[in-house]
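Working through the structure, step by step
Letter by letter, the chains look like this.
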Amino acid sequence: NMGLPGEIVLDPITVTGFSNLEFKADFGAVPNDWDDTDNLEVQYNFDGGAWLTLVQFGHSNGANDPLTVVVNGTGGANTIIGAVLTFDLQTIISTNFIGTGALLNIRVLVDSANNYEAFGLDNVIVTGLMAGANIPPSISNMQRTPAADPVGLNTDVSVTADITDADLDNVATATLDWSFTDLA
């Protein structure tokens, strides 16, 4: 890279009225070829402000190691610290945004001072929740009793599930639409 970091700059994204921004992109990199002075990071700013790190890849093991996620948000959908980039593209997710604004600017910086380091980037997506939108509740841990099939026509069946309401508008009940298919 002739001693200067490479830079990919995306067109500005209008985010007025959106919250809970999420960055998602597919990354890959040649494993076992990155030095501890090499750097790959996604940066952002709102409305042309100072650039902030959203997610960063690197390592501190000397020479010829794979890149790992070293900076990212924690919890939720965020890709875990320590995730390793390989030849195969993998989706990296970050919700590590601080601040708000009308225009979101994103750039990818790569600094690989020694030769032969390579990375791939595809499917860059930024999503958010529009003001006033209702996040649908999520249903998880569904369990049916009895769990084994087949269930006879006159068998009592119960279902339990966990319902999580992310925007806290207090879901009081849930309706389960149950149908029966005769496999005979």
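Everything below is about the structure printed above this text.
These lines cover the structure that appears in this document, whether it is placed above or below. (Residues numbered from 1 in each chain as written. Predicted model: local features only at pLDDT ≥ 70, side-chain atom pairs only at ≥ 80, totals over all residues. Heavy atoms only, no water.)

1. Comments concerning the overall build of the protein chain
This is how it is decided: Helix and strand assignments follow DSSP, with helices taken as H or I runs no shorter than four residues and strands as E runs no shorter than two, numbered in order from the N terminus. Classification of residues uses two cut-offs on accessible area relative to the type maximum, computed with a 1.4 Å probe and protein chains only: under 20% is buried, over 50% is exposed, and between them is partly exposed. Exposure was quantified through the Shrake-Rupley algorithm and a 1.4 Å probe, taking into account, for residues, occlusion by the shown protein chains and nothing else.
On a plain count of helices and strands, the protein chain comes out with 0 helices and 11 strands. If you list the helices and strands of the protein chain from N to C, you get β-β-β-β-β-β-β-β-β-β-β. By residue count, 28% of the 184 residues in the protein chain fall in the buried class. Accessible surface, the protein chain: about 11500 Å² in total, of which carbon and sulfur atoms supply 54%.

2. Quick look at the packing of aromatic side chains
Heads up, the condition is: To pair, rings of Phe, Tyr and Trp, with the six-membered ring standing in for Trp, must have centres within 6.5 Å; the planes then decide the type, stacked if under 30 degrees apart, edge-to-face if over 60, and tilted in the middle.
Evaluation of the coordinates by the stated rule reveals 4 aromatic pairs. For the pair Tyr-44 and Phe-97, a centre-to-centre distance of 4.9 Å together with 70 degrees between the ring planes defines the contact as edge-to-face. Pair noted here: Tyr-44 is in strand β4 (residues 39-46) and Phe-97 is in the loop between β7 (90-94) and β8 (103-111), with a separation of 53 residues, a long-range link. Between Phe-46 and Phe-97 the ring centres are 6.4 Å apart and the planes differ by 55 degrees, which places this aromatic pair in the tilted class.

3. A short note on the environment of Arg-144
Definition in use: Pairs of N or O atoms within 3.5 Å make up the polar contacts considered here, provided that, within protein, one atom can donate a hydrogen while the other can accept it, and that residues adjacent in sequence are counted only when both atoms are side-chain atoms.
By the secondary structure assignment, Arg-144 is in strand β10 (residues 138-145). Reaching out from Arg-144, the side chain makes a polar contact with the backbone oxygen of Pro-146 at a distance of 2.8 Å. Among the polar contacts listed, one links the side chain of Arg-144 to the backbone oxygen of Ala-147, at a separation of 3.0 Å.

4. Things to note about the sheet that holds β7
The test is simple: Strand pairing requires that DSSP identify at least two bridges connecting the strands. Fitted lines through C-alpha atoms give the axes, limited to the stretch in contact for helices. The angle between two N-to-C directions lies from 0 to 180 degrees.
The strand order β7-β3-β9 describes an open sheet built from 3 strands, whose pairing is antiparallel. The sheet is open, and its two edges are formed by β7 and β9 (119-130), each paired on a single side. With direction set aside, neighbouring strand axes in the sheet form an average angle of 20 degrees. With 9 bridges connecting them, strand β3 (residues 18-29) and β9 associate as antiparallel partners. Bridging from a neighbouring strand, Gly-28 pairs with Gly-120 of β9.

5. Brief notes about the pattern of salt bridges
Using the following cut-off: Counted as salt bridges are all cases of a side-chain nitrogen of Lys or Arg within 4 Å of a carboxyl oxygen of Asp or Glu.
In total, this model carries 2 salt bridges according to the counting rule given. With a shortest N-O distance of 3.1 Å, Glu-7 and Arg-107 are connected by a salt bridge. Of this pair, Glu-7 sits in strand β1 (residues 6-9) while Arg-107 sits in strand β8, and the two are 100 residues apart along the sequence. By relative accessible area, which is 47% here, Glu-7 ends up partly exposed. Classification of Arg-107 by relative accessible area gives buried; the value is 15%. In this structure, Lys-24 engages Glu-22 in a salt bridge whose closest nitrogen and oxygen atoms are separated by 3.7 Å. Given a relative accessible area of 30%, Lys-24 falls into the partly exposed group. A residue is classified by how much of its surface remains accessible, and Glu-22, at 17% relative accessible area, is buried.

6. Considering a nonpolar patch on the surface
Heads up, the rule is: Patches in this entry comprise residues that are over 30% relatively accessible and not in a salt bridge; like charges within 9 Å are linked, as are nonpolar side chains (Val, Leu, Ile, Met, Phe, Trp, Tyr) within 5 Å.
Together, Ile-139, Met-142, Val-157, Val-159 and Ile-163 make up an exposed nonpolar region whose accessible area comes to about 420 Å². At the level of secondary structure, the elements contributing two or more residues to the nonpolar patch comprise β10 and β11 (158-164). With respect to the helices, strands and loops of the structure, Ile-139 is situated in strand β10.

7. Focus on the side chain of Asn-105
Note that Asn-105 resides in strand β8. Only 2.7 Å separates the side chain of Asn-105 from the side chain of Asn-45, close enough to count as a polar contact.

8. Section: the side chain of Asp-38
We apply this condition: None of His or the chain ends enter the tally, which takes Lys and Arg as positive and Asp and Glu as negative.
Summarising the element assignment, Asp-38 is placed in the loop between β3 and β4. Although buried, Asp-38 forms no salt bridge, and the nearest oppositely charged side chain, Arg-107, lies 17 Å from it. For Asp-38, the side chain forms a polar contact with the main-chain nitrogen of Asp-35, separated by 2.8 Å.

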